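As a plain string of letters, each chain reads:
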Amino acid sequence: MRGLGLRAAAGLLALLLAVSLAGCTDGGGEGEGELTIGLLLPSRAVPRWEKSDKPLIEKRLKELCPDCTLVYANAENDAASQRQQMNSMITRGVSALILDVVDPKALRSSVRAAQREGIPVVAYDRLAEGPIAGFVSFDGAQVGRLQGQALLEGMGARADGGGVVMVNGDPSSPNAAWYEGGSLAVLRNEVRILKSYNTIGWRTENAHDHMSAAISALGPSRIDGVLAANDSIAAGVIAALKSARVSPLPPVTGQDADLDAVQRIVEGEQYMTVYKPFRLETEAAAAMAVALARGNDVDALVSAQVDSPTTEDVPAVLLDPIAVTRETIGRTLVRDGVYTIDQICTPKLRSACAQAGLTR
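Residues numbered from 1 in each chain as written. Predicted model: local features only at pLDDT ≥ 70, side-chain atom pairs only at ≥ 80, totals over all residues. Heavy atoms only, no water.

In the nomenclature of an unreviewed UniProt entry, the protein is known as Substrate-binding domain-containing protein of Streptomyces iakyrus. According to the UniProt record, the Subcellular location (unreviewed entry) comment for the protein reads "Cell envelope". (UniProt positions renumbered as here; feature names shortened; annotations may be inferred.)

S.K.: Just checking my understanding: could you explain the overall build of the protein for this structure?
M.R.: In terms of helices and strands, the protein carries 13 helices and 13 strands. Over its C-alpha atoms the protein spans a radius of gyration of 21 Å, differing by no more than 12% from the 21 Å that the globule rule assigns to 360 residues. Dimensions of the protein, computed from C-alpha atoms along their principal axes, come out at roughly 65 × 45 × 30 Å. Looking at the protein as a whole, 56% of its 360 residues are labelled buried. Pairs at least 24 apart in sequence give 74% of the contacts found in the protein among residues at least 6 apart. Carbon and sulfur atoms make up 48% of the accessible area of the protein, which totals about 14,500 Å². (Helix = DSSP H or I, 4+ residues; strand = E, 2+ residues; numbered from the N terminus. Rg over C-alpha atoms; globule rule 2.2 N^0.38 Å. Buried < 20%, exposed > 50% of the residue type's maximum accessible area, 1.4 Å probe, protein only. Contact = heavy atoms within 4.5 Å. Areas by Shrake-Rupley, 256 points an atom, 1.4 Å probe, with all protein chains shown as cover.)

S.K.: Can you walk me through the packing of aromatic side chains in this structure?
M.R.: One pair of aromatic rings is described through two measures. These are the centre distance and the angle between the planes. Tallied over the full model, the rule gives two aromatic pairs. Ring geometry for Phe135 versus Trp178: centroids 6.5 Å apart, planes at 35 degrees, classification tilted. With Phe135 in strand S6 (residues 134–138) and Trp178 in helix H6 (residues 174–187), this residue pair connects regions lying 43 residues apart in the sequence. Of the two residues examined, Phe135 and Trp178, each falls in the buried class. Geometrically, the ring pair formed by Tyr179 and Trp202 is edge-to-face, given 6.3 Å between the ring centres and 70 degrees between the ring planes. In this pair, Tyr179 is assigned in helix H6 and Trp202 in the loop between strand S8 (192–198) and helix H7 (204–218), connecting sequence segments 23 residues apart. In this structure Tyr179 comes out as buried when scored by relative accessible area, which is 7%. The residue whose ring lies beneath Lys54 is Tyr72, and the NZ or CZ to ring-centre distance is 5.0 Å. (Phe/Tyr/Trp six-rings, centres within 6.5 Å; stacked < 30°, edge-to-face > 60°. Lys NZ or Arg CZ within 6 Å of the ring centre and 35° of its normal.)

Encoded structure:
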């Protein structure tokens, strides 16, 4: 990856608003009512796709282009299904595609087919292969670094040579290696990586199986920390640790700021998560898709260039993630309106919330 991410959220929003609204009044390309944007998301296993990304993209597209049509499909983590969904949208003649790819290699031919039909493809969150027109994501290496740094902090004195289990993401996702590389850049030479697993489908049950195997092989006393790639994986890890009656629980990382993960952090079961302000990502992707659908360039929208295994110098927006621990939930997730205190602090958690300063 090359180039710097956009550092100022306010600056990004102002830029997107100005450029995107200008694009919607531009007379270039098709009439506004003829534009159709295809949105392809990867799964329902990770809550964010259906709960955050889809509605936020839909809302922003409607604001930028009120007469545009959104066509949506979810691949349920199946590359063959996503390829079929994408080919159907190409046949339908959509104006642009926003693609969160399940498997970049498996979808490469469909990206090429879209290019042949003059349909620009915006790779969303995960870097697709083939001739994509743009890429919008959070800086995955920084996600991994934040996880690694927080894990060392959570381990305390045991961070000096302690034993860590890594439960990584799905190897078919380019982001999994991106996150892992960032975390290893921090953890390497600080701790001992005792076990490392890849979690197919980012599924909680698969992570549970990996952690159970690690506990069986290592014994609970040797596990000083767990690098879990996201919150769904963290849920499986923590369930396995609790089933094995491990106490106290070692620090466990996460990502995506799922509500149940935030509640685990309040309760002291999960040490941290990585908050990615999805609104910024969805707004950038929507603006890029509308501009490309109208035949406009995206130079004013991007801040970086990236190389995929097949394509160099892809225009990109790389956003900054934010580490969240028990002490910072209020000034990050609550302040930004992601969750209210009432949503986080169920009756069971009221005492823990009070200790964390989460009171109205």
